[in-house]
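So the chains spell out like this:
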Amino acid sequence: MADAVLLGDEAVALGAIHAGLTASYAYPGTPSTEITEFLLGYAARHGRPHAAWASNEKTAFEEALGVCFVGRRALVSMKHVGLNVAADPFMNAALVAPHGGLVVAVADDPGMHSSQNEQDSRYYADFARIVCFEPADQQEAYDMTREAYEVSERFRIPVMVRLVTRLAHARSIVRLGEPRPENPLAKPPQTTSWILLPVNARRQWKALLARQGELRDYAGGSPYNRLTEGSGRFGVITTGIARNYYLENVDDLDSKPWHLHVGVYPAPTPLIRRFTEQVDRVLVLEDGYPFVERQLRTLLPTRYTVMGRETGEVSIDGELTPDTVRQALGLPVAAGVSIDAMMPPPARPPQLCQGCPHGDSYRALKEAVASVDEAVVTSDIGCYTLGALPPYSAIESCVCMGASVGMAKGAADAGFHPAFAVIGDSTFLHSGVTGLMDAVAANTDMTLVILDNGTVGMTGAQPTVLPSSRIQTLVMGLGVDPDHCHVLSAHPRHAAENADVLKREMAHHGLSVVVLVRECLEVVREHKAATRASGAQPVAQGATS
Ligand code: SF4
């Protein structure tokens, strides 16, 4: 087979396809989105595998579980905070002993390039007591994903492939292997393992715990965990992508340290023991939390010096870079071009696209709340989060997907009036809808504003699971009073009327929902480009109501 130039995300996707993938599910989230984008493109050209965006990471995980239930191989991918949403099925999937391979590709974002925190998914793999692969480059992302399916079916566990932003979004040449066919359809021979009633769950939990020794043996013998001889009593442990930064700098040291690289977990304890017999001082380099560093401290007697993120040789937060690794190794910072000598680049704070419909919606909302002394305006995760910044300064919170609705309800329950929640259509469908159900049940004195631009704008204009035309039906179906459920055009020419509606609903003591509709400009551009390419007459775009 030929070589290919692939992003880390794409290497995972193609590795899964070549491992006989039947179906893949995801919710868009940087830096994992390109896994599903690649699968959708591949499926459009080749007719397989089944690839789909789901409402959220939990439903994506559950759909993948169903694929494994009938014996086939599934992939579920997400960004690190998405795993919090999928945590319930993720934890329990380790107990059901799936017999179709299940790979969970999670892309962490150390440094928070596009995230609200920088949690390390290796802890989740450890928490669920499953195997985790941590590729150092795109070739390993491809190879490890293929291997992950074999491990999943051999030990009957879900297997995690953990990426980080710099790997997910960088390209390299990848040597491809022979594709493997899909598994045949086959329900499990006995199904009690999937029925996690306490009587079964206790047995399954014991079985998972009993398999831990085999998992450790597997990781201990894996070629992805490698010990390289050095000289002296100093050693370095690298995990995942940190290996590249270490190898980039190691030749500048006077003598080569002993080097243990960890690419598969559970961490290979016998290999760590062999490594530590050779050294007295250990530096741990890992992108994320001090995961191996902490394990090392529990393994080693106090006479050892263990250095890393917890001791300050490496910053406790942020992503690793070749330069930070260099300094941690005690080397002077490499000579480079001094930025001080260059003209400082102009400041470019993140902002909404020029003409973004959210800007018009925020102007209407600000006009409405200007008529009261104080209002609570909670919000959520999407392009519209930029409404927190000038010139809008229109929203006051962004915590996690869907939190705006529950937070506005809580503020209203506590006695604050008026309370607004602002949420995008995709985030509403992801997990705002359940918060709205609570507000309907209590007829909470709040106003939910759904900014409906018909897409997941922030991650590259992926389609939402339901089109704009069905949002109002869904909202009313939950029981929102039709007299207090409005669908308005977010076009600037309607700004004054929209502000009036928002003022009226602010004065109403009870639940109201205002859906402000206008297509994301990126989607409009894509439609125009597609129309030009097809040679058809352009169709006027704009608000859907
Ligand atoms: S991508 Fe779409 S939603 Fe996001 S800022 Fe631009 S126009 Fe607005």
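Counting 102 residues, the largest nonpolar core has A60, A64, V76, V103, V131 and L285 as the members making the most contacts within it. The contacts of V76, once residues within four sequence positions are left out, are Y25, A26, A60, F61, A64 and V104. With 49 residues, the next largest nonpolar core counts A403, A412, M446 and L502 among its residues.

Glancing now at the pairing of strand β10 (residues 234–239). Across the 6 residues that make up β10, a large majority, 6, are buried. Side chains F234, V236 and T238 project from β10 onto one buried face, and the interleaved G235, I237 and T239 project onto a second face that is buried too. Of the strand pairs in this sheet, β10 and strand β13 (residues 281–285) are connected by 5 bridges, and their pairing is parallel. Counted as the bridge partner of G235 is V282 from β13. Two strands pair when backbone bridges link them, and β10 and strand β11 (residues 258–262) are joined in this way by 5 bridges, in the parallel orientation. Bridge assignment links V236 to a residue of β11, and that residue is H259. Regarding topology, helix α11 (residues 242–249) serves as the crossover connection from β10 to the parallel β11, and that connection is right-handed.

A separate point is the environment of F90. Residue position: F90 is located in helix α5 (residues 87–93). Given 26 C-beta atoms within a 10 Å radius, F90 is considered buried. Put simply, F90 and E62 are 28 residues apart on the chain and 8.7 Å apart in space, counted from C-alpha to C-alpha. Not counting residues up to four positions away in its chain, the partners in contact with F90 are F61, L83, V104, Y124 and A128.

Moving on, we come to the domain arrangement of the protein. Here the domain parsing of the protein yields domain 1 (3–210), domain 2 (226–328) and domain 3 (357–527). Put simply, the middle of domain 2 and the middle of domain 3, counted by C-alpha atoms, are 48 Å apart.

Close to the ligand lie L352, C353, C356, H358, C383, N453, G457, C520, L521 and E522, which account for all nearby residues. The residue inventory of the shell around the ligand, partitioned by class, reads 6 nonpolar, 3 polar and 1 charged.

On to the sheet that holds strand β18 (residues 485–489). Strand pairing within a sheet occurs via backbone hydrogen bonds; the two strands may be parallel or antiparallel. Strand order in this open sheet of 5 strands is β15-β16-β17-β19-β18, and the pairing throughout is parallel. Either end of the sheet is taken by a strand with one partner, and the two such strands are β15 (376–378) and β18. Geometrically, the sheet is characterised by an average inter-axis angle of 20° between neighbouring strands, direction not taken into account. By the bridge criterion, 5 bridges tie β18 to strand β19 (residues 512–517) in an arrangement that is parallel. Note that in β19 the partner of S489 across the bridge is V517. Packing against the sheet, helix α16 (residues 403–413) makes contact with β15, β16 (419–424) and β17 (447–452), and its axis sits at approximately 175° to β16.

Right, let's get into the packing of helix α1 (residues 8–18) against helix α7 (residues 138–155). Where α1 contacts α7, the axes come no closer than 7 Å and their chain directions differ by 30°. With respect to α7, the element α1 is oriented roughly parallel. Both α1 and α7 take part in a crossing whose hand is right-handed. Residues G8, A11, V12, L14, G15, A16 and H18 of α1 form the contact with α7, whose own contacting residues are Q138, A141, Y142, D143, T145 and R146. Within the contact of α1 with α7, the residues separate by chemical class into 6 nonpolar, 5 polar and 2 charged.

To continue, consider the sheet that holds strand β5 (residues 102–108). Across the sheet, which stays open at both edges, the 7 strands sit in the order β3-β2-β4-β5-β7-β6-β12 with mixed pairing between neighbours. The strands lining the two open edges of the sheet, one partner per strand, are β3 (50–53) and β12 (264–265). The pairing of strand β6 (residues 132–133) with strand β7 (residues 159–164) spans 2 bridges and is parallel. Paired with F133 across the strands is V161, a residue of β7. Contacts between α7 and the sheet are confined to β4 (73–79), β5, β6 and β7, with β7 contributing the most and set at about 160° to the helix.

Rules used in this analysis
- Residues numbered from 1 in each chain as written.
- Predicted model: local features only at pLDDT ≥ 70, side-chain atom pairs only at ≥ 80, totals over all residues.
- Core = buried A, V, L, I, M, F, W, Y, C linked by C-beta atoms within 7 Å.
- Buried ≥ 20, exposed ≤ 12 C-beta atoms within 10 Å, placed from the backbone.
- Contact = placed C-beta atoms within 7 Å.
- Helix = DSSP H or I, 4+ residues; strand = E, 2+ residues; numbered from the N terminus.
- Pairing = 2+ DSSP bridges.
- Right-handed = clockwise from strand over helix to strand, strands pointing away.
- Domains from an automatic or database assignment.
- Near = placed C-beta within 6 Å.
- Nonpolar A, V, L, I, M, F, W, Y, C, P; charged D, E, K, R; others polar.
- Axes fitted to C-alpha atoms, helices over the stretch in contact; angles between N-to-C directions.
- Parallel < 35°, antiparallel > 145°, perpendicular 65-115°, else oblique.
- Left-handed = near helix turned anticlockwise from the far one by under 90°.

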